[in-house]
Amino acid sequence: MADKILKKLNIKVWRQNNAQDKGRFETYTIENISTGSSFLEMLDILNNNLIEEGKDPIAFDHDCREGICGTCSLFINGRAHGPDTEVTTCQLHMRKFKDGETITIEPWRAAAFPVIKDLVVDRTAFEKILQAGGYISVNTGGVPDANAIPISHEDAEESMDAASCIGCGACVAACKNSSAMLFVSAKVAHLAKLPQGKVEAKSRARKMVAKMDELGFGGCTNTGACEVECPKSISITNIARLNREYLTARFSE
Amino acid sequence: MSILDSKIPEGPLAEKWNKHKSNIKVVSPANKRKLEVIVVGTGLGGASAAASLAELGYKVKAFCYQDSPRRAHSIAAQGGINAAKNYQNDNDSVFRLFYDTIKGGDYRAREANVYRLAEVSPNIIDQCVAQGVPFGREYGGLLDNRSFGGVLVSRTFYARGQTGQQLLLGAYQALNRQISKGNVEMYSRHEMLDVVKIDGKARGIIARDLVSGEIKRFGAHAVVVATGGYGNVFFLSTNAMGSNGSAAWQCYKKGAMMSNPCFVQIHPTCIPVHGDQQSKLTLMSESLRNDGRVWVPKKNEDAEKLRKGEIGPNDIPEDDRDFYLERRYPSYGNLVPRDVASRAAKERCDAGFGVNAEGKAVYLDFKYAIERLGKDVIKARYGNLFQMYEKITDVDPYKEPMMIYPAIHYSMGGTWVDYNLMTTVPGLYSIGEANFSDHGANRLGASALMQGLADGYFVLPYTIGDYLADEILTPKADTNALEFEEAEKAVTGRIEKLFNIKGSKPVDYFHKKLGHVMWDYVGMSRNAEGLKKAIEMIKEIREEFWKDVKIPGELNNLNPELEKAGRVADFLDIGELMAHDALDRNESCGGHFREESVTEDGEAKRDDEQFTYVSCWEFNGEGKEPVLHKEDLVFENVKLTQRSYK
Ligand SMILES: Cc1cc2nc3c(=O)[nH]c(=O)nc-3n(C[C@H](O)[C@H](O)[C@H](O)COP(=O)(O)OP(=O)(O)OC[C@H]3O[C@@H](n4cnc5c(N)ncnc54)[C@H](O)[C@@H]3O)c2cc1C
Ligand code: SF4
Ligand code: FES
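Reading guide: rules and limits
- Residues numbered from 1 in each chain as written.
- Chains lettered and ligands numbered in written order.
- Predicted model: local features only at pLDDT ≥ 70, side-chain atom pairs only at ≥ 80, totals over all residues.
- Heavy atoms only, no water.
- UniProt positions renumbered as here; feature names shortened; annotations may be inferred.
- Helix = DSSP H or I, 4+ residues; strand = E, 2+ residues; numbered from the N terminus.
- Axes fitted to C-alpha atoms, helices over the stretch in contact; angles between N-to-C directions.
- Parallel < 35°, antiparallel > 145°, perpendicular 65-115°, else oblique.
- Contact = heavy atoms within 4.5 Å.
- Nonpolar A, V, L, I, M, F, W, Y, C, P; charged D, E, K, R; others polar.
- Salt bridge = Lys/Arg side-chain N within 4 Å of Asp/Glu carboxyl O.
- Buried < 20%, exposed > 50% of the residue type's maximum accessible area, 1.4 Å probe, protein only.
- Domains from an automatic or database assignment.
- Buried area = accessible area lost by both parts, 1.4 Å probe.
- Near = heavy atom within 4 Å.
- Polar contact = N/O pair within 3.5 Å; in protein donor to acceptor, adjacent residues only side chain to side chain.
- Areas by Shrake-Rupley, 256 points an atom, 1.4 Å probe, with all protein chains shown as cover.
- Core = buried A, V, L, I, M, F, W, Y, C linked by side-chain atoms within 4.5 Å.
- Pairing = 2+ DSSP bridges.
- Phe/Tyr/Trp six-rings, centres within 6.5 Å; stacked < 30°, edge-to-face > 60°.
- pLDDT = per-residue confidence, 0-100.

In the nomenclature of an unreviewed UniProt entry, chain B corresponds to succinate dehydrogenase from the organism Tangfeifania diversioriginum. Listed under Cofactor (unreviewed entry) in UniProt, the entry text for chain B is "FAD". If you open the UniProt record of chain B and go to Subcellular location (unreviewed entry), you find "Cell membrane".

Chain A carries the name Succinate dehydrogenase / fumarate reductase iron-sulfur subunit in an unreviewed UniProt entry, which gives Tangfeifania diversioriginum as its organism. Taken verbatim from the UniProt record of chain A, the Sequence similarities (unreviewed entry) comment is "Belongs to the succinate dehydrogenase/fumarate reductase iron-sulfur protein family."

Have a look at this one:
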């Protein structure tokens, strides 16, 4: 409740003007931040200070600011989405930090996510994986009544758990191999759990994994770092399920 | 009559859409392949339209400003989507959904459009299930429903508190499928900055590549704008940070009329503003009012102590709590519609009973529901919302009531469209929240998602054919044409002008200032004097903005401040038009409350004699007063009554 004021913070942040630039850390100080402010509000204030001082503000990605769009993507003090659990960067609040602290902010670091500017990365690779097969092949219209096929409460809930993935990429950033397995497995499980999605489950898994490999994401060695940093608690049991779909897909070819 | 032709089909209400469909033209598959359509926006409206049009065979180019279509603001919708399925056997029907929507909108929407919306609503649910949307289900395996404010049946489908996310992912998957087939070219991180007209018809857009800064030209046979609402004109709102009114505003300047811009929705249950460092407001779903009781202290001195932090809400005895919604509206109680609940909260806070340091908050208390149902039941119903609230405020809502306050949420007003969803510019369409068409002066909960998907899946794919059938001989748009060149020049000129001001204040400074004026004078309660004052104040802010804004960075690089500057420049214009519209409409209806038009007991009073029309504003040149046209609303199937929730 009662918000306090953090009198001074040092913000050590990755600056990189564009994809070609080598990039470096720079440190700024900022004063009088309310513990009730969000992390991104702190960055807004820092940016407005930088603008007034005639400097280039720090570019970072964000949009909904309520943990659902998956746009925000900061690596804070060595952790994807920072030092709180089950939150995205935009849901992180300054009460998690101490007065006088130095806060280090980096972009997601992965070969498949090149930096565009400062803390903004290019996650087009995720789009390409989903375009490779992350859908059910139906057109608009001509579909059966919504209640034509009953789906058990449990299956619907499990599907929903997996479907909660927001495509932020924290799992890739947290993984020492930069693997996208958690992300891919979430989409495969979301659709495979439903009768409508089962039809194409095997070919979907095969196509998505092939695309993931092609785009330069690393392999999964079961370290579980992704699950720890995932803001939506996507479970690594989905990876086991994906492996099963994938292997049977390979065998049945 | 006016120059506006709404093209509402003749005949009985229930037959209009079917009759219309059989009368409009159809394009052959071979010709569809030759026709190009630009869809700007990939929220529920845009993504569903782009995918459906591509499936039909049109060549589609889609645009969004985020790095992925999946991140459109629709993703944030929580509560649910309405549909007249009558799965609950509670006597729901297409007519009832139509009637509730017309009444909820305070009789300021078109009957024919709303009826069609209700009519196609069941197909939406079928479509979403086929795409793999994991809606909430009952133990027997069938779909479950919720109730929302202002209605008496249970027709809201949901996917936990993430319905918008799941519906958007469904549409996004359909879109991805068409992208992979090469039928849609997707341009993410691209912002539309102008619409291009040739021979009076919309033939393309000018967009900025937000990564390289390059200004690009895109041609087509028709342009669909699905860019969402303009709620961010208030600076603080529940909309995503990048939500904007700019695309709609560019269409306005190119001749598309803007309707009912003063109709914006203020949602009663948002987390209150804290201090002055805040950037946006977070919604707490309407569904919470099913189990939470709204109250403030009865005694002024208690409220004062709460504001100073000397006591907490749990220190206030039962008898000293004023459950003002239950007191004022005994039959609907805590479930009165959004506009009524919002005004009641403001009334209590203005009278000195607000409970946070700023005096701008009321309590939403779950204590009673927890006593009645147990903590587990409440947790199963609202767990994710409670977690969200605790992360933001550091208060545990299982132990202490939530603090809430109204905030700007949705824009009912928008670009004028006819029954085919075409604007006053031929070949230019507007769908989803960007148009004005279905919600009148107040939108019911769970109806925006329904409208976005109705427009994109089931209405536009039919109606656009009627226009495009006459365009099959029109060659591909020549982006080297003079009209494209001039539009690009104007866009570049404006960007350079903004960039070269090199003043002293960041964009946010002006946006916040505008937001204060809008909230104070064009917000929850409006009067003629205040609105006139707002118009003058906005003019001053605009003048200062164009003299003193400071945009850092480079033109040919990713530059979020430059993006913001363009949007705020347009918000200044939109805000002024909203004030004009609110001034013209000297009646209280839905979300628009004029202090001059109230009943004896202080409730909103509509004036059907004078104001049963849609206001349609025409751009009349930079710095000139806009021209007002009126589309009279004709009600043949419902009787206009004053809403009462007492
Ligand atoms: C917190 C919250 C909760 C809500 N809950 C519900 C609910 O439970 N039920 C309900 O029915 N409604 C709800 N709503 C309302 C509903 O979510 C929206 O009205 C609806 O999703 C709007 O969809 P849309 O497709 O029209 O636009 P949006 O989803 O806003 O999409 C706009 C698109 O346009 C693009 N765009 C914008 N400008 C440009 C430009 N210049 N150039 C290129 N692209 C551009 C964006 O990138 C985006 O893709 C809620 C709204 C909020 C804020
Ligand atoms: S699996 Fe989790 S961390 Fe990975 S993209 Fe999805 S939500 Fe983000
Ligand atoms: S900004 Fe949308 S999840 Fe953080």
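There is more to say after this.
(A) Region of interest: the UniProt feature "domain: FAD-dependent oxidoreductase 2 FAD-binding" (unreviewed entry) in chain B. Summarizing the sequence annotation, UniProt attributes the feature "domain: FAD-dependent oxidoreductase 2 FAD-binding" (unreviewed entry) to residues 37-449 of chain B in the numbering used throughout. Split by type, residues 37-449 of chain B is 31% helix and 19% strand. Its first and last C-alpha atoms lie 23 Å apart.

(B) Spatial organisation of the packing of helix H15 (residues 507-521) of chain B against helix H16 (residues 528-548) of chain B. Residues and elements named next belong to chain B. Interaxial distance between H15 and H16 falls to 10 Å at its minimum, and their mutual angle equals 175°. Relative to H16, H15 is oriented roughly antiparallel. Taking contact as the criterion, the partners of Tyr509, Phe510, Lys513, Leu514, Val517, Met518 and Tyr521 in H15 are, on H16, Gly530, Leu531, Lys533, Ala534, Met537, Ile538, Ile541, Glu544, Phe545 and Asp548. Classifying every residue of the contact of H15 with H16 gives twelve nonpolar, one polar and four charged.

(C) Molecular detail of the pattern of salt bridges. Residue and element names in this part refer to chain B. Tallied over the full model, the rule gives 74 salt bridges over all chains. For Lys505, the salt bridge identified is with Glu544, shortest N-O distance 3.7 Å. Taken as a pair, Lys505 in the loop between helix H14 (482-499) and H15 and Glu544 in helix H16 lie far apart in primary sequence, 39 residues in all. On the accessibility criterion, Lys505 (24% relative accessible area) is partly exposed. Relative accessible area serves as the criterion here: at 22%, Glu544 is assigned to the partly exposed category. Among the charged side chains, a salt-bridge network with shared partners connects Asp106, Arg108, Arg585, Glu587, Arg606 and Asp608.

(D) The domain arrangement of chain B, seen in detail. Residues and elements named next belong to chain B. Taken as a whole, chain B is organised into domain 1 (16-265 + 410-471) and domain 2 (266-409). Each of domain 1 and domain 2 has a C-alpha centre, and these two points are 33 Å apart. With 23 residues of domain 1 in contact, the opposing surface of domain 2 contributes 23 residues. Contact between domain 1 and domain 2 buries roughly 2100 Å² in total, counting both sides, with carbon and sulfur atoms accounting for 54%. Together, Gln78, Thr238 and Gln265 form the three largest contributors to the area buried by domain 1 at its contact with domain 2, with a combined 30%.

(E) Up close: the site of ligand 1. All names here are of chain B. Surveying the vicinity of ligand 1 reveals 37 residues, the closest of which are Gln66, Ser74, Gly79, Met192 and Glu433. Leu44 is positioned with one of its backbone polar atoms (N or O) 3.1 Å from an oxygen atom of ligand 1. A distance of 2.9 Å separates a nitrogen atom of ligand 1 from a polar atom in the backbone of Gly80. Against a free-state accessible area of 1000 Å², the protein chains account for coverage of 98% of ligand 1. Where the shell around ligand 1 is concerned, the elements lending two or more residues are helix H3 (44-56), strand S6 (190-198), strand S15 (402-411) and helix H13 (448-468).

(F) Region of interest: the interface of chain B and chain A. With 79 residues of chain B at the contact, the number on the chain A side is 78 residues. Carbon and sulfur atoms make up 49% of the area that chain B and chain A hide from each other, which totals about 6500 Å². The interface formed by chain B and chain A holds eight salt bridges in total. Put simply, Arg95(A) and Asp394(B) hold a salt bridge, and the shortest N to O gap is 3.7 Å. Taken together, chain B and chain A are joined by 53 residue pairs in polar contact (both at pLDDT 80 or more). Broken down by secondary-structure element, the contributors of at least two residues to the side of chain B that touches chain A are H3, helix H5 (111-131), helix H6 (163-180), helix H12 (375-393) and H13 of chain B. Per-element accounting of the side of chain B that touches chain A gives the leading share, ten residues, to H6(B). Partitioning the side of chain B that touches chain A into residue classes produces 31 nonpolar, 28 polar and 20 charged.

(G) Highlighting the nonpolar core. Residues and elements named next belong to chain B. Counting residues in each nonpolar core, the largest one holds 84 residues, and the members touching the most others are Ile81, Phe135 and Ile464. Looking at which element gives the most residues to this core, the answer is H13, with eleven residues. With residues up to four places along the chain from it excluded, the contact list for Ile464 reads Val37, Leu53, Tyr58, Ala222, Val224 and Tyr429. Counting 55 residues, the second-largest nonpolar core is a separate cluster that includes Tyr252, Phe484, Ala534 and Ala582.

(H) Quick peek at the site of ligand 2. All names here are of chain A. The full set close to ligand 2 counts 13 residues, and Cys165, Cys168, Gly169, Cys171 and Cys230 are the nearest of them. At the level of elements, helix H4 (170-174) and helix H5 (181-192) are the ones that each hand at least two residues to the shell around ligand 2. Class assignment of the residues belonging to the shell around ligand 2 gives a composition of eleven nonpolar, two polar and no charged.

(I) Fine view of the sheet that holds strand S3 (residues 75-76) of chain A. Residue and element names in this part refer to chain A. Reading across from one edge, S2-S1-S5-S3-S4 is the order of the five strands in this open sheet, with mixed pairing throughout. This sheet does not close on itself; its edge strands, each paired only once, are strand S2 (24-34) and strand S4 (79-80). Judged from the four bridges that link them, strand S1 (residues 5-15) and strand S5 (residues 102-106) form a sheet pairing that is parallel. Bridge pairing in S5 links Ile11 to Ile103. Strands in contact with helix H1 (residues 39-52) are S1, S2, S3 and S5; relative to S2, the strand with the most contacts, it is inclined by about 105°.

(J) View of the packing of aromatic side chains. In this structure the tally under the stated criterion is 33 aromatic pairs over all chains. Ring centres of Phe113(A) and Phe126(A) lie 5.2 Å apart, and the angle between their planes is 80°; on these two criteria the pair is classed as edge-to-face. Here Phe113(A), found in the loop between S5 and strand S6 (115-117), pairs with Phe126(A), found in helix H2 (residues 124-131); they are 13 residues apart in sequence, far enough to count as distant. A relative accessible area of 1% places Phe113(A) in the buried class. On the basis of an interplanar angle of 15° and a centroid distance of 6.5 Å, the ring pair of Phe95(B) and Tyr99(B) is categorised as stacked. Residue Phe95(B) and its partner Tyr99(B) are both found in helix H4 (residues 94-104); the two are separated by four residues, about one turn of the helix. By relative accessible area, Tyr99(B) is classed as partly exposed at 29%. Here the aromatic cluster, defined as three or more aromatic residues joined through ring pairs, consists of Phe113(A), Phe126(A), Phe183(A) and Phe217(A).

(K) Broad picture of the confidence of the model for chain B. Here chain B shows a mean pLDDT of 96. Residues at 70 or above account for 100%. With a pTM of 0.98, the predicted complex shows an ipTM of 0.98.

(L) A look at the side chain of Gln91(A). Counting through the fold element by element, Gln91(A) comes out in the loop between S4 and S5. If near-sequence neighbours (up to four positions away) are discounted, Gln91(A) is found in contact with Glu66(A), Gly67(A), Glu86(A), Lys232(A), Met388(B) and Lys391(B).

(M) Quick look at the pairing of strand S14 (residues 362-365) of chain B. All names here are of chain B. Every second residue of S14 is oriented toward a common face, with Val362 and Leu364 on one face and Tyr363 and Asp365 on the other, all of them buried. Relative to S14, strand S12 (residues 293-297) runs antiparallel, the two sharing three bridges. Bridging from a neighbouring strand, Arg293 pairs with Asp365 of S14. Looking at chain direction, S14 and S15 are connected through three bridges and run antiparallel.

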